[in-house]
Structure formats: C-alpha cells, structure tokens
Amino acid sequence: MTSDALVDALVRNTFQVVGVLTRIGAERDLSLTQLRVLGILRDRRPRMTELAAFLGLDKSTLSGLIDRAERRGLVARGKNPQDRRVVDVFLTHAGLELAEQVYGEVRRALAPATSRLDPQERDQLVQLLHAVLHSPD
C-alpha cells in the first residue's frame, strides 16, 4: 500500500466517524468540540489548562465552552485535590449519563462497519490505530 492510499483510507474513515459524531451530536444540540469534551472527561478530571491544550483551544475559548456545558448541567469545575490553586473540570452525573448514551449510539452507528472484521482483525486495527495516534511527532 502506498503512502497516498494509507492517507486516503485514514481520511475516508475519519469522514465516516465525524459524520456519525456530527449527526449524533446535532440530535442533542452538541458540537463536535462539545462531544470531544464529553469523551475526554468520561475517564479523567483534567486541569482547565490541560483540557485546553488537549483540544487545541485557547483558555478563553475553552472557558466559554465549559460555561455553556455548565449551564446545561453537564460539567462542573472544582479545585484540584492536590493543588487548591488549580481548577479541574469534570462531568456531572447528567454529563456522564449523556456521554455514556452518546458512546452507545456511536458504537451502534459504527457497528455495520466494525462487524465486517473478525475479532482478530478488530484487535489488530485497534493496535495499529493506537500506534498511529501515539507515534512520536
């Protein structure tokens, strides 16, 4: 496979996944960035600065995004247990419930594509994608 074929395959798969996420997010009045926040916060409680860096947003843009999510009751901010000067952001119960619902819908929406692979191929794809995502820049 050529490098162009690999890039093309990655882009086409990205379009498929983004299309699913966009549709599911729109059904809940959530942008792709808001979905990313829910996904990130499902299993961690980052500092606001860490979340901004991970999303590639400046602090003021992230603050507005978190303000809107707070008003919807999806996230909250709190003092970091190790450093009281630092503000963490985390999912509320409602936010976690929504994140789990969205994840389930995404899984079901992508099932027709992922079910074409046998279990060994799925494991291999996970390993390969992990290697691509976590390769040194």
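Refer to the structure printed above.
Residues numbered from 1 in each chain as written. Predicted model: local features only at pLDDT ≥ 70, side-chain atom pairs only at ≥ 80, totals over all residues. Heavy atoms only, no water.

Caption draft 1: Just the environment of Ile66, in detail. Take Ile66: it is sitting in helix 4 (residues 59-71). Ile66 sits in the buried class, given a relative accessible area of 0%. In the structure, Ile66 is positioned 11 residues away from Arg77 in sequence and 8.6 Å away in space, judged by C-alpha atoms. Apart from residues no more than four positions distant in its own chain, Ile66 is found in contact with Val37, Met48, Leu51, Val75, Arg77 and Val89. (Helix = DSSP H or I, 4+ residues; strand = E, 2+ residues; numbered from the N terminus. Buried < 20%, exposed > 50% of the residue type's maximum accessible area, 1.4 Å probe, protein only. Contact = heavy atoms within 4.5 Å.)

Caption draft 2: How the structure looks around the side chain of Asp88. As for its placement among the helices and strands, Asp88 is situated in strand 2 (residues 87-91). Only 3.0 Å separates the side chain of Asp88 from the side chain of Arg45, close enough to count as a polar contact. Within the structure, the side chain of Asp88 is placed 3.1 Å from the side chain of Asn80, a separation counted as a polar contact. Here Asp88 is in contact with Arg45, Pro46, Arg47, Ala76, Arg77, Gly78, Lys79, Asn80 and Pro81, once residues within four sequence places are set aside. (Polar contact = N/O pair within 3.5 Å; in protein donor to acceptor, adjacent residues only side chain to side chain.)

Caption draft 3: View of the packing of aromatic side chains. Under the criterion given, the structure shown has zero aromatic pairs. The ring of Tyr103 has Arg42 sitting right over it, with the charged end atom 4.3 Å from the ring centre. (Phe/Tyr/Trp six-rings, centres within 6.5 Å; stacked < 30°, edge-to-face > 60°. Lys NZ or Arg CZ within 6 Å of the ring centre and 35° of its normal.)

Caption draft 4: Quick peek at the layout of surface pockets. Looking at the largest pocket, its volume works out to about 2,100 Å³. Val17, Leu21, Leu110, Leu129 and Leu133 are, among the 39 residues lining the largest pocket, the residues nearest its centre. Those elements giving two or more residues to the lining of the largest pocket turn out to be helix 1 (3-27), helix 2 (32-41), helix 5 (93-114) and helix 6 (119-133). Residue composition of the lining of the largest pocket, grouped by class: 25 nonpolar, seven polar and seven charged. (1 Å grid on protein atoms, 1.4 Å probe; cavity = no way out; pocket = protein on both sides within 12 Å on 5 of 7 lines; lining within 4 Å. Points joined across faces, edges and corners; volume = space filled by probe spheres on them. Nonpolar A, V, L, I, M, F, W, Y, C, P; charged D, E, K, R; others polar.)

Caption draft 5: Highlighting empty space enclosed by the protein. Scanning the model with the defined rule gives one cavity of 30 Å³ or more in all. The volume enclosed by the largest cavity comes to roughly 80 Å³. Together, Leu30, Gln34, Val37, Leu38, Leu65, Ile66, Ala69, Arg72, Leu74 and Val75 line the largest cavity. Sorting the residues of the lining of the largest cavity by element identifies helix 2 and helix 4 as the ones contributing at least two each. Residues of the lining of the largest cavity, tallied by class, amount to eight nonpolar, one polar and one charged.

Caption draft 6: Structural context of the pattern of salt bridges. The tally for this structure, following the rule as stated, stands at 10 salt bridges. Between Arg12 and Asp8 there is a salt bridge whose closest N-O contact spans 2.9 Å. Of this pair, Arg12 and Asp8 both sit in helix 1, four residues apart, which is roughly one turn of the helix. Here Arg28 makes a salt bridge to Glu27, at a shortest N to O gap of 4.0 Å. (Salt bridge = Lys/Arg side-chain N within 4 Å of Asp/Glu carboxyl O.)

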